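Below, each chain spelled out in residue letters.
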Amino acid sequence: MSGLKDFLPSMKIVTEVVELLLQTANAWLFEGQHSGLSDREWMALRFLGRANRFSRTPSALAGFVGTNRSGASQIAAVLERKGLVTREPSPEDKRSIILSVTFQGKKLLERDPVNVLRDQIAALTVDDRSRMRDTLRHVLSRHDVVRGRHHADICSECIFLAESGSGSDRQFKCRFFRKSVSSKDTSLLCSHFEGKAPSKALDQN
Ligand code: SF4
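Quantities reported herein were computed from a predicted structural model and do not represent experimental measurements.

(A) Looking closely at the sheet that holds strand β6 (residues 179-181). As summarised here, the arrangement of the three strands in space is β4-β5-β6, forming an open sheet in which the pairing is antiparallel. Of all strands in the sheet, those with a lone pairing partner are β4 (161-164) and β6, marking the two edges. Averaged over all pairs of adjacent strands, the angle between strand axes in this sheet comes to 35 degrees, irrespective of strand direction.

Below you can see the structure in the form of structure tokens.
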């Protein structure tokens, strides 16, 4: 009986967490436009502003915003028409297109509607922010297993990142692309990210 008694309050917490998370979505899901962009166009601009050089492609964008390649190309075309992104052939593979956020796009990102939420998280203590990040990453990693896909995340959490040297000689290499990655770029989003196994320490039982 004590098992059931413990289970009910803990499920109440789970329900509250899901309800609260769903309500944060109104920071980035909205009807109509905000500063001239729909919520999906904002999602695309935000992703391209944070994505590494391997992920600023129409197919990576499609995966991130949850559409197909033609849908992502249409979104990219809208952003390009507004002068917020450029589309150019990749210097590494001329058949691929690389999308880059322009100066004007970066300026607009300062008015990203999601910044309201960012500012509230920034007001938390460093410990609370770190715990929130680690918990959300853990939940998302477990969710990836259910969905059979990987979420976009940063190089420093990826199993393909190899590190050598130390101090100012520290160097990074992506073993997936077999290319070097600058220290600065290890904190950018990658759609080819593959995470380490979810931490057991964050699982309750
Ligand atoms: S190390 Fe992982 S996250 Fe970084 S570029 Fe390679 S695949 Fe992407």
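(B) Broad picture of the domain arrangement of the protein. Along its sequence, the protein is carved into domain 1 (39-109) and domain 2 (124-197). Taking the mean C-alpha position of each, domain 1 and domain 2 sit 21 Å from one another. Summed over both partners, the interface of domain 1 with domain 2 comes to about 1000 Å²; 55% of that surface belongs to carbon and sulfur atoms. For the domain 1 face of the interface with domain 2, the top three residues by lost area are Arg50, Asn52 and Phe54, together amounting to 53%. Here domain 1 is connected to domain 2 by zero salt bridges. Where domain 1 touches domain 2, the interface holds six residue pairs in polar contact (both at pLDDT 80 or more).

(C) Fine view of the nonpolar core. Ranked by size, the top nonpolar core spans 25 residues in total, and within it Leu37, Leu45, Phe47, Leu48, Leu61 and Leu79 carry the most contacts. At the level of secondary structure, the elements contributing two or more residues to this core comprise α2 (39-50), α3 (58-65), α4 (69-81), β2 (97-101) and α5 (103-109). Among the elements that take part in this core, α2 stands out by supplying six residues, more than any other. When residues are assigned to domains, this core turns out to be shared by domain 1 (39-109) and domain 2 (124-197), each giving three or more. Excluding residues that lie within four positions of it along the chain, Phe47 makes contacts with Ser55, Ala60, Leu61, Phe64, Ala152 and Leu189. Counting five residues, the second-largest nonpolar core is a separate cluster that includes Cys155, Leu161, Phe172 and Cys174.

(D) Up close: the packing of α3 against α4. Running from amino to carboxyl end, α3 crosses α4 at an angle of 100 degrees, the nearest separation of the two axes being 8 Å. Here α4 runs roughly perpendicular to α3, going by the angle between their axes. Facing Pro58, Ser59, Leu61, Ala62 and Val65 of α3, the residues of α4 in contact are Arg69, Ala72, Ser73 and Ile75. Of the residues in the contact of α3 with α4, the class split is six nonpolar, two polar and one charged.

(E) View of the pattern of salt bridges. Under the counting rule described, the total for this entry stands at eleven salt bridges. Here Arg147 ties to Asp144 by a salt bridge, and the two come within 2.9 Å at their closest N and O atoms. In this pair, Arg147 and Asp144 are both assigned in helix α7 (residues 126-147), three residues apart and thus about one turn of the helix distant. For Arg147, a relative accessible area of 37% corresponds to the partly exposed category. Its salt-bridge partner being Glu163, residue Arg170 comes within 2.6 Å of it at the nearest N-O pair. A relative accessible area of 41% means that Arg170 is categorised as partly exposed. Exposure remark for Glu163: the relative accessible area of 49% places this residue in the partly exposed category. What you see here is one network of salt bridges that share partners, running through Arg137, Asp153 and Glu157.

(F) Inspection of the environment of Gly36 at higher detail. Inspection of the secondary structure puts Gly36 in the loop between α1 (2-24) and α2. Judged by relative accessible area, which is 24%, Gly36 ranks as partly exposed. On a C-alpha basis, the gap between Gly36 and Lys82 in space is 9.2 Å, while along the polypeptide they are 46 residues apart. Among all residues touching Gly36, those that are not within four sequence positions of it are Glu41 and Lys82.

Cut-offs and rules
Just so you know, the residues in each chain are numbered from 1, in the order the chain's sequence is written. Two thresholds apply to this predicted model, a pLDDT of at least 70 for residue-level local features and 80 or more for giving and counting side-chain atom pairs, whereas whole-chain, interface and lining totals are computed over all residues. Hydrogens are left out, water is left out, and the side-chain values use all remaining heavy atoms of the structure. Strand pairing is defined by DSSP finding a minimum of two bridges between the two strands. Runs of E in the DSSP output that reach at least two residues are strands. Runs of H or I that reach at least four are helices, and both are numbered from the N terminus. Each axis is a line fitted through C-alpha atoms, taken for helices only over the stretch in contact, and angles between the N-to-C directions span 0 to 180 degrees. What fixes the domain bounds is an automatic or database domain assignment. Buried area: the accessible surface (1.4 Å probe) lost by two parts on joining, summed over both. Salt bridge, as applied in this entry: a Lys or Arg side-chain nitrogen positioned within 4 Å of an Asp or Glu carboxyl oxygen. For this analysis, a polar contact is any N or O atom pair within 3.5 Å, provided that within protein one partner can donate a hydrogen and the other can accept it, and provided that sequence-adjacent residues contribute only side-chain to side-chain pairs. Each nonpolar core is a collection of buried residues, namely Ala, Val, Leu, Ile, Met, Phe, Trp, Tyr and Cys, held together in the definition by side-chain atoms within 4.5 Å. Only protein chains enter the area calculation, which uses a 1.4 Å probe; residues under 20% of their type maximum are buried, those over 50% are exposed, and those in between are partly exposed. Any two residues whose heavy atoms approach within 4.5 Å at even a single point are treated as in contact. In what follows, roughly perpendicular refers to angles from 65 to 115 degrees, roughly parallel to angles under 35, roughly antiparallel to angles over 145, and oblique to any angle outside these ranges. Charged means Asp, Glu, Lys or Arg here, nonpolar means Ala, Val, Leu, Ile, Met, Phe, Trp, Tyr, Cys or Pro, and polar covers whatever is left, Gly included.

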